[in-house]
Amino acid sequence: IFDDQSLALIDLKQHALGYPRRGVWSGATDHVAVAAAFGGHGARVRDGESLEHELGLALARPASFSVISCQLARRAYEGLI
């Protein structure tokens, strides 16, 4: 999950059309806890090295599922899309 605590693409479209930003910032979701509640493994990462490590661990657990939450800064997509 690319988690910037918002609906980034909708946010960008609203901004591009001159609309005020409304209803697009969701706040923090504990994806690690959600994964655990459904019987899986959850991890939170903030850099490429951690992501690579967690992907390796996820692939080593074929009998279960993993949710990897990649933390991004809010508005990290601006100017890229």
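Higher on the page you've got the structure.
Residues numbered from 1 in each chain as written. Predicted model: local features only at pLDDT ≥ 70, side-chain atom pairs only at ≥ 80, totals over all residues. Heavy atoms only, no water.

Q: Pulling in residues and values, what's your account of the sheet that holds strand E1 (residues 2-3)?
A: Across the sheet, three strands lie side by side as E1-E3-E2; this open sheet has parallel pairing. Across the chains shown, the open sheet's two edge strands, defined by having one partner strand only, are E1 and strand E2 (41-45). (Pairing = 2+ DSSP bridges. Helix = DSSP H or I, 4+ residues; strand = E, 2+ residues; numbered from the N terminus.)

Q: Describe the pairing of E2, and please don't skip the residues or the numbers.
A: Two elements, E2 and strand E3 (residues 66-71), share five bridges in a ladder whose sense is parallel. Pairing of Ala43 across the sheet is with Ile68, part of E3. The parallel pair E2 and E3 is bridged by helix H3 (residues 48-59), and the resulting crossover is right-handed. (Right-handed = clockwise from strand over helix to strand, strands pointing away.)

Q: Describe in detail H3, supporting the description with residues and values.
A: The terminal C-alpha atoms of H3 lie 16 Å apart, and with 12 residues this matches the ideal 16 Å at 1.5 Å per residue to within 8%. N-capping of H3 is provided by Asp47, with a side-chain oxygen placed 3.2 Å from the backbone N of Glu49. (Expected span 1.5 Å × (residues − 1). Polar contact = N/O pair within 3.5 Å; in protein donor to acceptor, adjacent residues only side chain to side chain.)

Q: Account for the pairing of E3, naming residues and giving values.
A: Successive residues of a regular strand alternate their side chains across the two faces of the sheet. E3 sits mainly inside the fold: five of its six residues count as buried. Inspection of the sheet shows E1 paired to E3 by two bridges, in the parallel sense. Its bridge partner lying in E3, Asp3 is registered against Gln71. (Buried < 20%, exposed > 50% of the residue type's maximum accessible area, 1.4 Å probe, protein only.)

Q: Provide a residue-level description of the environment of Leu59, including the pertinent values.
A: Tracing the chain through its elements places Leu59 in helix H3. On the accessibility criterion, Leu59 (73% relative accessible area) is exposed. Taking C-alpha positions, Leu59 is 28 Å from Leu7, a pair spaced 52 residues apart along the chain.

Q: Now, about a nonpolar patch on the surface: what can you tell me, with residues and values included?
A: A contiguous nonpolar patch, built from Val34, Phe38 and Phe65 and spanning about 310 Å² of accessible area, is present on the exposed surface. Along the chain, the position of Phe38 falls in the loop between helix H2 (31-37) and E2. Look at Phe38 and you get exposed, because its relative accessible area is 66%. (Patch = residues over 30% accessible without salt bridge, like charges linked within 9 Å, V, L, I, M, F, W, Y side chains within 5 Å. Areas by Shrake-Rupley, 256 points an atom, 1.4 Å probe, with all protein chains shown as cover. Salt bridge = Lys/Arg side-chain N within 4 Å of Asp/Glu carboxyl O.)

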